[in-house]
Structures are given as C-alpha cells and as structure tokens.
Amino acid sequence: MAADALDLVLLGPVGAGKGTQARRISARYGIPHIASGDLLRAHRQQDTELGRQAKSYMERGALVPDDLVITMIVERMRRPDAAHGVLLDGFPRTLAQAKALDDELTEEGRALKLAIYLEVPFEDLVDRAANRWTCRTCQATYNYRVNPPRVHGVCDLDGGQLYQRDDDRLDVVSERIKVYIQDTVPVVEYYRQQGILQEIDGRRAINDVAAAVLSEISALRARA
Ligand code: ADP
C-alpha cells in the first residue's frame, strides 16, 4: 500500500510559482500540500517556540536551521492524511534535508519518484516577488498582473485580507536567491543524478505550467 503512495517534491527559486501549482496538484490528486514556508509562517502567527526561533532567519532571507525544519516536516508527514502521499513545497532546501526526507520515506516503505523543477530566470524573480500578495488566512498568492484577485485586497478563496510579505522586499529577495543558489541548487543536482528530476519552464502562463506539471505526474502514474 505504502509503495503506491504519490510522493512529490516541487523545486524552484522564490517566486517560481511553486505554491500556485502545488494547490492545484494537491486538489487534483488528493494529497496534502505541505509547504514549509506556510507552516513556518503559521508558527510565527501562533507565536510558538519554533515560530520565535525561525523569525530572525526568515526576516533576513536566511534558511531556518535544518534540525528545526526537518522535525517540523517529519511531524507533518506522519499525520494520517499524509499516509498516501505528500506534495512538498519549499522542502527540501538543503542536501541534509533531502537526505532526511529519503530516510523518512524509506522508513515508511516509500520512495520519492518525482521532483518537479520550475525554472524561471533569476532576473524575473525579484519582480514576481515584489508584485506578490499573500492571503493572511490561507496563504494563497496573487499577482495583480497575471492572476489578480476578483476583489482588490481580498482572497478569492476565503475572503482573507491580502498583504505583502516582508521577505518579498527587494533586498531580502536578493538574499533568498543567493541562498537558493548556494544551498538548493545542489538539491536539484541530487535529484537529477537520481534520475527523478523533471524540469518545467515556469515562465509560461499559470495554466500552461499546470498542464505540463499534471502531464508529468500522469506519466509517472502510468509507469507505476
Ligand atoms: P518562497 O516559496 O517564496 O521561496 P517560502 O515561503 O517557502 O518562500 O519560505 C520563506 C522562508 O521560510 C525562507 O526564506 C526561509 O527562511 C524559511 N524556510 C522555508 N522553508 C525552509 C526550509 N526547507 N529550510 C529552511 N528554511 C526554510
């Protein structure tokens, strides 16, 4: 049973569109969307011990230490709704996290079969982040040029208030891109070497990217 689980990783730099695509995949395949950034922001909103520890790293665009993030994700992956697969977004971001994920899946008799890499040129990312508005309640994201909300400042999904994340500011985004190149590009290479990486051009319209992503997942399921 566990071997049939659909475990996926969505990779890509800040603003590549991971969250937007992840919500669609999760709804389509009925697997939970586990976004490390969303979980960390929820911890900060609830002012938990983890939230307090993560705050200063997140504010400056640095990575939250591996041990904290790994514990948080593993705990989430062990909940019953994750028994048939997970869609990870924003995790793993370091090689140590990628190895911890492999260990956790192995323990469950599962294995990662697909890592989808959304490729967007670095020069587009700052602009995407600067125009990103996030729902305070469900963390859905909007961009006033490419996917505006129906009502200005209000989330289509739950009526939550839209705000601009502090770490989407130019200086912090530049730092996040630097961290991405240093720590996360090796994760992309790790999956490439394992033969499970699929690269998708993330510059296209949201629906076109979604079609490409879904076709990769269908192809995977057909092979299984
Ligand atoms: P985005 O999707 O825009 O790249 P996230 O919302 O995933 O950003 O992450 C925001 C911040 O949360 C990161 O800059 C980092 O500080 C922290 N974070 C999220 N995921 C991880 C992770 N896997 N490891 C370490 N830090 C993380």
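Each remark here, short or long, concerns the structure printed above.
Remember, predicted model here, so these are calculated numbers, not experimental data.

A. Main features of the pattern of salt bridges. Counting across every chain of the model gives 22 salt bridges. Arg-78 is the salt-bridge partner of Glu-104, the closest N and O atoms lying 2.8 Å from each other. Taken together, the positions of Glu-104 in helix α5 (residues 95–107) and Arg-78 in the loop between α4 (66–77) and β3 (85–89) put the pair 26 residues apart, joining distant regions of the chain. In this structure, a network of salt bridges that share partners links the residues Arg-132, Arg-165, Asp-167, Asp-168 and Arg-176.

B. Geometry of the site of the ligand. Taken together, 19 residues surround the ligand, and among them Ser-36, Arg-41, Ala-62, Arg-132 and Arg-176 come closest. Between a nitrogen atom of the ligand and a side-chain N or O atom of Ser-36, the distance comes to 2.7 Å. Contact distances for the ligand include 2.7 Å between an oxygen atom and a side-chain N or O atom of Arg-176. Taken by itself the ligand offers 560 Å² of open surface, and the protein chains cover 96% of this. The element best represented in the shell around the ligand is helix α2 (residues 36–45), accounting for four residues. Per-class residue counts for the shell around the ligand are eight nonpolar, four polar and seven charged.

C. Layout of the sheet that holds strand β8 (residues 197–201). In spatial order, the strands read β2-β3-β1-β4-β8; together these five strands make up an open sheet with parallel pairing. The open sheet is flanked by β2 (33–35) and β8, the only strands paired with a single partner. When the angles between neighbouring strand axes are averaged without regard to direction, this sheet yields 20°. Pairing analysis gives five bridges linking strand β1 (residues 6–11) to β3, with the strands arranged parallel. Of the residues in β3, the one forming a bridge with Leu-10 is Asp-89. Lying over the sheet, helix α1 (residues 18–29) contacts β1, β2, β3 and β4 (114–119), oriented at roughly 165° with respect to β1. Across the sheet, α2 is in contact with β2 and β3; its angle to β2 comes to roughly 65°.

D. The sheet that holds strand β6 (residues 141–143), seen in detail. Spatial ordering of the open sheet is given by β6-β5-β7, a layout of three strands whose pairing is antiparallel. Each of the sheet's edge strands pairs with one partner strand only, and the pair in question is β6 and β7 (162–163). With three bridges connecting them, strand β5 (residues 132–135) and β6 associate as antiparallel partners. Following the sheet pairing, Thr-134 is matched in β6 by Thr-141.

E. Quick look at α2. Looking at α2, one finds that the buried residues are Ser-36, Gly-37, Asp-38, Leu-40 and Arg-41. For α2, the secondary structure elements touched by its buried residues are α1, β2, α3 (49–59), α4, β3 and β7. Positive phi appears at Asp-47, one or two residues downstream of α2, with a value of about 55°.

F. Inspection of unusual backbone geometry at higher detail. The linkage connecting Phe-91 with the following residue, Pro-92, adopts the cis geometry, with an omega of 0°. Of note, Asp-47 is a non-glycine position whose phi angle comes to about 55°, a positive value. Relative to the elements of secondary structure, Asp-47 occurs in the loop between α2 and α3. Assessed through its relative accessible area of 46%, Asp-47 is described here as partly exposed. Of note in the backbone geometry, Gln-139 takes a positive phi value of approximately 70° without being a glycine.

G. Summary view of the packing of aromatic side chains. Taken as a whole and assessed by the stated rule, the structure comprises three aromatic pairs. Where Phe-122 meets Tyr-180, the ring centres are 6.3 Å apart and the plane angle is 70°; that geometry is what we call edge-to-face. Separated by 58 residues along the polypeptide, Phe-122 in helix α6 (residues 122–130) and Tyr-180 in helix α7 (residues 170–194) bring together distant segments of the chain. On the accessibility criterion, Phe-122 (35% relative accessible area) is partly exposed. A ring pair is formed by Tyr-190 and Tyr-191, whose centres lie 5.4 Å apart and whose planes are at 55°; its orientation type is tilted. The buried category is assigned to Tyr-191, whose relative accessible area is 0%. Just above the ring of Tyr-163 sits the side chain of Arg-136; from NZ or CZ to the centre is 4.4 Å.

Conventions and cut-offs
- Residues numbered from 1 in each chain as written.
- Predicted model: local features only at pLDDT ≥ 70, side-chain atom pairs only at ≥ 80, totals over all residues.
- Heavy atoms only, no water.
- Salt bridge = Lys/Arg side-chain N within 4 Å of Asp/Glu carboxyl O.
- Helix = DSSP H or I, 4+ residues; strand = E, 2+ residues; numbered from the N terminus.
- Near = heavy atom within 4 Å.
- Polar contact = N/O pair within 3.5 Å; in protein donor to acceptor, adjacent residues only side chain to side chain.
- Areas by Shrake-Rupley, 256 points an atom, 1.4 Å probe, with all protein chains shown as cover.
- Nonpolar A, V, L, I, M, F, W, Y, C, P; charged D, E, K, R; others polar.
- Pairing = 2+ DSSP bridges.
- Axes fitted to C-alpha atoms, helices over the stretch in contact; angles between N-to-C directions.
- Contact = heavy atoms within 4.5 Å.
- Buried < 20%, exposed > 50% of the residue type's maximum accessible area, 1.4 Å probe, protein only.
- Phe/Tyr/Trp six-rings, centres within 6.5 Å; stacked < 30°, edge-to-face > 60°.
- Lys NZ or Arg CZ within 6 Å of the ring centre and 35° of its normal.

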